[in-house]
Structures are given as C-alpha cells and as structure tokens.
Amino acid sequence: MSEQLVTIEIDGREVKAKAGAMLIDVADEAGIHIPRFCYHKKLSVSANCRMCLVEVEKVPRPLPACATPVNDGMKVKTQSPLAVTAQQGTMEFLLINHPLDCPICDQGGECELQDVAVGYGSDVCRYVEGKRVVADKNIGPLVATDLTRCIQCTRCVRFGAEIAGVRELGATGRGEHMQIGTYIEKSVDSELSGNIIDVCPVGSLTSKPFRFRARAWELVQRDAVAPHDSMGSNVHLHLRNGEIMRVVPKENEAVNECWLSDRDRYSYQGIYSEDRLTKPLVKKDGEWQEVDWKEALEAAANGLKAAAGGDGDQLAALVSPNSTQEEIWLAKKLLQGMGSDNIDYRLRQGDFRPGQPDRPWLGMAIAELEELDAVLIIGANPRQDQPLLGHRLRKAAMKGATITYINPLQLVLNYRSSQWVTTPAGMLEELAAVGKGLNLRRGIIAQTKAEDRHKALAASLKEAGKAAVLLGPMALAHPDASMIWGLADAVAESSGATLGLLPEAANSTGAGMICEAENNGKVRELLENPRKGYLLCNLEPSLDLHDPALAGKAFDKAEFVVALSAFRGDSLDAAADVQLPLATFGETSGTFVNAAGDWQSFAGAAKPLGEARPGWKILRVLGNVLEISGFDQDDCGQVLAEIEESLAGRKPENKVKVDVNEERWMPAEGMARIGDVPIYAADPLVRRASALQETVHHVEAAVRINAETAKGLGLEEGGQALVSQGDGQATLPVVIDETVPANCARVQSALAGTEKLGAAFGAVTLTKA
Amino acid sequence: MGFKSQPMTNVVETPDKGSLFTPEIRARIDKWIVKYPEGWQQSAVMPALRIVQEENGGWLTTELMDDVAAYLDMPAIAVYEVATFYSMYELKPVGRHKICVCTNVSCMINGSDGIRGHLEKKLGITFGQVTEDGKFSMKEVECLGACGGAPMMQIGKEYYENLTPDEVDRILDGLE
C-alpha cells in the first residue's frame, strides 16, 4: 500500500485515504457504517458474504466494500437505492437457511446477524422450502457449536490459518452442503481457540462453559486485567448479580489487540471452584476451625509477633508474582514494620547469585516484538507461557524474522524457527558458542567452539535491523540462571540486540520493582535457613515453588505461617497456621505491571465470595492490628499513589553484572530434570478452571523421556519409574516423548504428585519402580 | 497477507516421505509438484488426490487424504476441503465402473429421467449406491458439457451420448 493520499467521497462526505486502502476500512475510519459479516480487520479479505455491497459511481453493479481499493475521485454511496437493494437481497439470502432460534441462542442480543437483520432484513420471509440443518460437532470443552446457524463467513477458518497459526477448522463440502468443521472428529486445540467465538458473527460458535447461563442483556460489563501471564491482556468481565459469568477481550492494540488467550478467557471458572476459601481459618490443636475475621487477624498478628520474638529477620514473606502491586507493597511494608526485609516473589527461581537484573522486563513495548528481525529465545515456550506474546513473535516470523530457540525441549510451534534442543547444562554451551561467534572471549565462552550455525546466528543478530535476546521462565528456573543472564547479556551487548525477559506472571515486572531483589530476601535462602514466621500470599507451597521439598521442610519447621489464599489445598493446610480468605481475579482492585512495564489498574467488579476480602485490605488491617504506622489507606488508589511516590519513576531495566565464569550448578553429566510449568497449571486460579482442565493441554504428573533414554534405563511406556531428587522421591508413570533430549527427564512442575521432589531443574535419578 | 497469498505449509515438514504411497505413485505426483513454484507443492493437491484415488479403486479414504497432506506438507483439513468440494473425488467405495448420469437441464429435457429409471431397474441400485458384486455404481452429476448429445452419461473416462435404454444395455453388457 502506498503512502499517497487520495480523496474520495462517501455519501457526499469528502474523505482522505491512503491509495489502495480498502473502502470498508476508509468508511470505518470516517465513522460511516457499512454492514458486514465476513470482513474482519485482523483477517484476510474473503468477500464471500456480500453484505457490504455499495454503489460506486461509474460502476454499473454494486461492489463489496471490503474488497474494493479506493481510487482518487471515487464516489461511493452506501445508502443509495442500488446499495440498499443489494444489501437487502444479500440479507434475504443469508436468512434463508438461518434458523429462527434467537430466543434459545446464546448469541441473541449480541448477534451481528440480528443487528444487521434489523437494519436490512425484511419482516416477511418469502422462502418456503425446507431449511438446511447441519449436525453439531464436538470440538472440545471450550467452544460449543450450533452449525445450523452458520452463515459460512469463514472468519473462524481464517482465524485459525492466520492468527492461531494452525488450520484446525475448515469449510468442507460445497454450496449448500458446505459445513464448518474439522471433517474428522477432533477437538480444536489452539491456545487461542476461544477467539473463534468472538469472530463468529452469529451463534454458531459460542462459549461452552457459558452456554445457557445468562442472556447478553442481563450482564453488566466491567473492565479488568487478566491475571495469568505477563501480557496484561485487557478484558471485560460480564457479571450477573455480582457473579462473573464470562470473560471476553477488551480491545487494546498495544497489548492484546482484540484477542485473548484461552487461559485468560476461561480461568474465571476457578473463582467459583468448590475448594474456594470463604472463611478465615485458624489451626487449633491441629484442627482447622472457622473463625471470624477479628479472631483470625489477631491470631495472625500474635503468631507473627511471637515467631519473630523481636528479631525481624526471623520473618519472611513469599508473595506470588500474580499478586497485585498493592498487595506486594503492603506485604513488604508490613514486614518492614516488623523489622524484616525478607520478601521475595521469584518463587520459581533457583539461582539467586548476584548480578542478575533487579527489575527485569521485556526490554521493549509488546508491539515492538513483531517488528523484530532476529530473535534468540532461551528457555521459553511463549506459546504456552504467554500465548499472545507468542502470537506477536509469530507475526514477526511471518514477516521474515529469524527466530532461534535454545531449549531443553522440542517445541510445537506455529511458525518456522530454528530450535536447538539440548540438555539444561548444554543450553549454556550453545549460548556461549553464539558469544564465541561474536568473537567474545571471556569466561566459559573461551572454552566453547562456535560452529557454523552459531556463527550464522551471531551474524544475523548483528546485522538485523532490530534484534532481541529473550529469556523465558525455563531460563529463570535453571540452576545456572545467573550464567544464562550473563551470557545472554554478553551476546546482546556485542551484537547490538535488546536483552529482554518473557516474565511468567501477571505482575512479575511490578513485583521486581517493589521487591528490589538484590536488597531483599531470596526465596532459596529464606527456605534453606528456615525462618520462624512466614507470610504466604496467593500461592500453594507444593505447586508454586521452585523446590517444593525444601519449602515443605521449611514450613514444617516454622513456628508460625500465615497464608493469604483464595483456595484451600493440601499443602497449604499442612503448612499454614492461619488462612485468610483472599479475593481473587475480578473481585479485587489493584494494579498489574505487564512485561513491557505498563501499569494497568483495575477495579473490583464481582462481590468477593463468602467472607473473602481483597488482599490489600487484609494486609492493611493486619498492619493496624500489629500497630504498624502507615496502614491507614482508605482505598486501593491511595496505596498505588504511595507506591508510585516511593518508586519515584523508577523503571524496570535489564542490567546484568555476571561474570560468565561462575561455578556451574547444573551437572553436565547424569540425568537432568526438566520441570517446566504446564500452561493450565501455572497458578492456583487456572488449576481450578474446570473446562481448561478438560482440554488436551491438561497433564498429569509423569516422567517424560525419549525412547533411547528409556531403553537405557529399562523403562517403557505405561510403566512406572521412581524419581529421586535429593531425599525426595515420587513414583510416576513413564511417557515416551521424543521432544525431550537424551539423558533428560521431563517431570513438569506444578502438578500433584511432584510435591516431594526438589528443584524444577536439577540432577535427578530414575529407576524402574 | 492471508492464507491465500502464501502457502499454508506445515511448520514441520514430513520427515519420511519415502514411506508414503508406492514409488510409482510418488513419481506421478512429483511430476505435478515440479510444475509449480518451489514451496507451492500444495498446488498439486488436486492431481495428487486424483492419482491416489485412481490407485485405490476409485475412492479416497481419510488415511489416504492424510497421506496426501503429509506428502505435500499441508494441513489435513485443507485436503479434506478440496476432496469434499469437487464431485470427482469419491469418499465412499464405488463400483469398478462408475456410471455418472447427467440430470441437468438439456439431458433432463431429452429424457435423462428415463435413462436413470432404466439403470435403476437393471442394476437394482440408485444414485450413491454400488451393486453387490461391486461392478457398478451410479452417480448423479451436473452438466458435463455434452448437451449436443443429450441425454448422456460418463463411465470411467468415456462419454456416452444420445442414450436410449437399449443403447445403455448394449454399453453395460460390453463392460468387463
């Protein structure tokens, strides 16, 4: 498309537009509405619904506005008799086969077909023959189909091909026999599959968990920010009687565009799960008892005070990076008031050696990801970790960016890339070899040999207009995370690439800014040298920590553990002495700072379940009970103002000062555990989202090894293996998985059955059980 | 940029194409692939399906369509779309001789209903069915472009025009 501007006239109004732009875009820009079904601004033009027909002067027939490029002097009429007749004709044809089931259709009230029919439909149907009926298909637990309603716009098919990057749905058959479906019985498994509900202009594809739960006009819409990955996707919550009925994307071109990942869309189901903690609990003589808030808060305050015994260092707080800025800030302030600096959020990190960035972040705006020309990604699976960041990277790849992954796993990606799959220890060698390719000589770089592929990557990073070196959650969980940071920094610096992190959680970046990691606690140290009192916020010890075995022991030893939690779970029941019911996603106000350092605040929308209360309020009152000064905020905004004042414009930064010659903690020999986090196990809320847990992405704890490794150990598919890590053991089923490199065992974290095991990444032994 | 302007090629190319089909079938498909620009091997999907169908007794199984998809590095659903769109691909078993009877306007005016009725009576099957011995199957088709010789039918690659019931008997009797 050229930058040349042309002047056209639409309905008598003069409009300036880029030459070659499509008429429908120009009209949208000018605020002139043209009806449409198949056109979608993010998808390719197919021009098959014919609803957007308009009259163009000097053209004898109506033209589809979505597929007509503008020319200088073009005169367009969208309301002329020719245009309106054409649109009405199209509407009549579209309605021939469309059932009149609006009263029982979930789309009723928010249906593009209904809306357009009001404007262009006739009140009488002239068609008297039989209507077409299409059998519904089961395409999985997330999306319900009612294919008789389909008007064959193919938006869902194009979404799969162009956005999700996997062609799962198709249009089979011809003419009246054309059907949307998978042809063979198959679920739609993309991590972005829920978006086909939004793009569907009729009620053909609707949300399965939301089905028949509410009518569109009964719902109240509130804004929020998604609570899982570090994207900070903007969402609308739809509530009825104070209960969240569904979550849909809120358009924000700079963040999530108009899309939403399935995790962000369906996790709301977790809010209403059966094991939701709705009343304060205090452990008395080993038994949990429901108490009122006053008693619980006093028990918490007295317990913490007694545990500290006047020595602040005996207290520590572990806060989930899914907590809001306000929660983390008040937790930090509470601890400081009791004389402790021991707060940390890096729950899935194992290596805390100095020199790693204090306040790591993406290093660029989210939209800049798609402008990259060369990207090196280490220890990450963005498609699972941050699905929409993955989508941005896919866009870069489709524009021709070269993307290289260094991972301990072969990923299933939806674009072409180079994947260098190696053992966790080998990841450092690969990265160092890229450094060697850039003629670096320091530390372990000097000992490696750069092969052609390393040199080629080094050159492409150097020569690219925009390049980035990005670390992911598997790099942070690596026993040599500091070395990875050091090497990545060296590569980025000498190639001119931007160094960045793909943070795992909604508020990882913000938590880093508050916790000032270097000066405060380090999770590993806080657990290795058990403190007497712990404050846990929004986490489950056996599932959300890098080393659950270590954590279990520390909490056993502790005199007193207070947990702020939205849910009950075995490991929390075992660890805690007081459990305070926490308001969760949608119920609390707060602020998340996303990967790109954008501060996004949101208000509470739903009524907290039972006696649950927003975290900032719980911590504020706990501060009052402990008689610590500075806990008199009346609302979340005051807490935020305090944070902003205190941080005084401090920005995240990826400043690395690591000598790349440090001791290697990941043994190069022997079996290595790969403990990545499954997409739908990442935090307490999503683990309880029932529909997501029914998808193919749900996994049970298992030992995944490749066939060769299995043969060497005498293990086979379906058998059981005894996994030993330190003094922790677990017996798990064996799954043969060729995406795992030799001598590695993929034993994923955050799954029931792995709680007795140690660090997510580290040495492990397998024997036949 | 849409999936029409660039090939929707699978991210991971099929590693072992030598295990798909026979060397002869592969050679026949390869002849078509080289007619298209590099990276556009999926443009050969129609001839590939035709060749595979021919070698499978005139019809396609889902497995064969999956193999075609794998051989051309394209998503299986895209092959299903093509195979279900065009009427010359058969997704159910057909007889050794597939009798395609045109029932479109010219043929209908010239008596295709009678031809159809005669065939049904003679073979004991109707459109979409196969005789028990697997020798014949009947299919209703749209205009085959032989209106000058209406009513007409196609069996295999042959056109038979100006049909009468007697003529039909003679033709069928002459088939193996």
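Residues numbered from 1 in each chain as written. Chains lettered and ligands numbered in written order. Predicted model: local features only at pLDDT ≥ 70, side-chain atom pairs only at ≥ 80, totals over all residues. Heavy atoms only, no water.

### Some details on the overall build of chain A
Tallying secondary structure elements over chain A gives 23 helices and 33 strands in all. Computed over C-alpha atoms, the radius of gyration of chain A comes to 28 Å, within 12% of the 27 Å expected from 2.2 N^0.38 for 769 residues, which places it in the range of a compact globule. Its C-alpha atoms give chain A principal-axis dimensions of roughly 85 × 65 × 55 Å. Classification of the 769 residues of chain A by burial places 63% in the buried group. In chain A, 72% of the contacts between residues at least 6 apart in sequence involve partners at least 24 apart. Looking at chain A as shown, the accessible area adds up to about 28,700 Å², and 49% of this sits on carbon and sulfur atoms. Of the charged side chains in chain A, 81 are positive and 104 negative; the average position of the first set lies 4 Å away from that of the second. (Helix = DSSP H or I, 4+ residues; strand = E, 2+ residues; numbered from the N terminus. Rg over C-alpha atoms; globule rule 2.2 N^0.38 Å. Buried < 20%, exposed > 50% of the residue type's maximum accessible area, 1.4 Å probe, protein only. Contact = heavy atoms within 4.5 Å. Areas by Shrake-Rupley, 256 points an atom, 1.4 Å probe, with all protein chains shown as cover. Lys, Arg positive; Asp, Glu negative; His and termini not counted. Charge placed at Lys NZ, Arg CZ, Asp CG, Glu CD.)

### A closer look at the domain arrangement of chain B
Splitting chain B by domain gives domain 1 (17–85) and domain 2 (97–173). Between the C-alpha centres of domain 1 of chain B and domain 2 of chain B there is a distance of 29 Å. (Domains from an automatic or database assignment.)

### A few points about the sheet that holds strand E22 (residues 533–537) of chain A
Adjacent strands of a sheet pair through backbone hydrogen bonds, lying either parallel or antiparallel. All names here are of chain A. The 7 strands are arranged E14-E13-E24-E23-E22-E15-E16 in an open sheet whose pairing can be described as mixed. Of all strands in the sheet, those bounded by a partner on one side alone are strand E14 (287–290) and strand E16 (343–344). As paired strands, strand E23 (residues 560–565) and strand E24 (residues 578–581) are joined by 4 bridges and run parallel to one another. Opposite Val 562, over in E24, you have Val 578 as the bridge partner. (Pairing = 2+ DSSP bridges.)

### Some remarks on the interface of chain A and chain B
Facing 25 residues of chain A, the contacting portion of chain B comprises 21 residues. Both faces combined, the contact of chain A with chain B buries some 1,800 Å², and carbon together with sulfur accounts for 63% of it. In terms of surface lost to chain B, no three residues of chain A exceed Arg 167, Tyr 183 and Arg 416 of chain A, which account for 38% of the buried area on that side. Where chain A touches chain B, the interface holds 2 salt bridges. When the shortest N-O distance is used, the salt bridge between Glu 13 of chain B and Arg 416 of chain A registers 3.4 Å. At the boundary of chain A with chain B, the tally comes to 6 residue pairs in polar contact (both at pLDDT 80 or more). Listed by contribution, the elements that provide at least two residues to the side of chain A that touches chain B are helix H4 (155–164) and strand E7 (170–172) of chain A. The leading source of residues in the side of chain A that touches chain B is H4 of chain A, at 4 residues. Here the side of chain A that touches chain B is composed, by residue class, of 10 nonpolar, 9 polar and 6 charged. (Buried area = accessible area lost by both parts, 1.4 Å probe. Salt bridge = Lys/Arg side-chain N within 4 Å of Asp/Glu carboxyl O. Polar contact = N/O pair within 3.5 Å; in protein donor to acceptor, adjacent residues only side chain to side chain. Nonpolar A, V, L, I, M, F, W, Y, C, P; charged D, E, K, R; others polar.)

### Some thoughts on the pattern of salt bridges
All names here are of chain A. Per the stated rule, a full pass over the model turns up 64 salt bridges over all chains. Put simply, Arg 568 and Asp 573 hold a salt bridge, and the shortest N to O gap is 3.1 Å. Members of the salt-bridge network, linked through shared partners, are Lys 42, Glu 253, Glu 257, Glu 370, Glu 371, Arg 392, Lys 395 and Lys 399.

### Quick look at a nonpolar patch on the surface
Together, Phe 85, Tyr 86 and Met 88 of chain B give the surface a local cluster of nonpolar side chains, amounting to about 260 Å² of exposed area. Turning to its location among the elements, Phe 85 of chain B is positioned in helix H4 (residues 76–85). (Patch = residues over 30% accessible without salt bridge, like charges linked within 9 Å, V, L, I, M, F, W, Y side chains within 5 Å.)

### Let's talk about unusual backbone geometry
The linkage connecting Ala 150 of chain B with the following residue, Pro 151 of chain B, adopts the cis geometry, with an omega of -5°. Relative to the helices and strands, Pro 151 of chain B is located in the loop between strand E2 (136–141) and strand E3 (153–155). A positive phi angle is found at Ala 648 of chain A, which is not glycine, with a value near 45°. On the secondary structure map, Ala 648 of chain A appears in the loop between helix H20 (636–647) and strand E27 (672–674). The exposure class of Ala 648 of chain A is exposed, given its relative accessible area of 62%.

### Focus: the packing of aromatic side chains
All names here are of chain A. Under the counting rule described, the total for this entry stands at 7 aromatic pairs over all chains. Judged by centre distance (5.0 Å) and plane angle (65°), the rings of Phe 159 and Trp 259 are edge-to-face. Residue Phe 159 is located in helix H4, and its partner Trp 259 is located in the loop between strand E12 (243–249) and helix H6 (262–266); the two are separated by 100 residues in the primary sequence. Grouping residues by exposure puts Phe 159 and Trp 259 together as buried. Seen from their ring centres, Tyr 534 and Phe 555 are 5.0 Å apart, and the 85° between their planes marks the pair as edge-to-face. Of this pair, Tyr 534 sits in strand E22 while Phe 555 sits in helix H17 (residues 548–557), and the two are 21 residues apart along the sequence. Exposure class is identical for Tyr 534 and Phe 555. Each is buried. (Phe/Tyr/Trp six-rings, centres within 6.5 Å; stacked < 30°, edge-to-face > 60°.)

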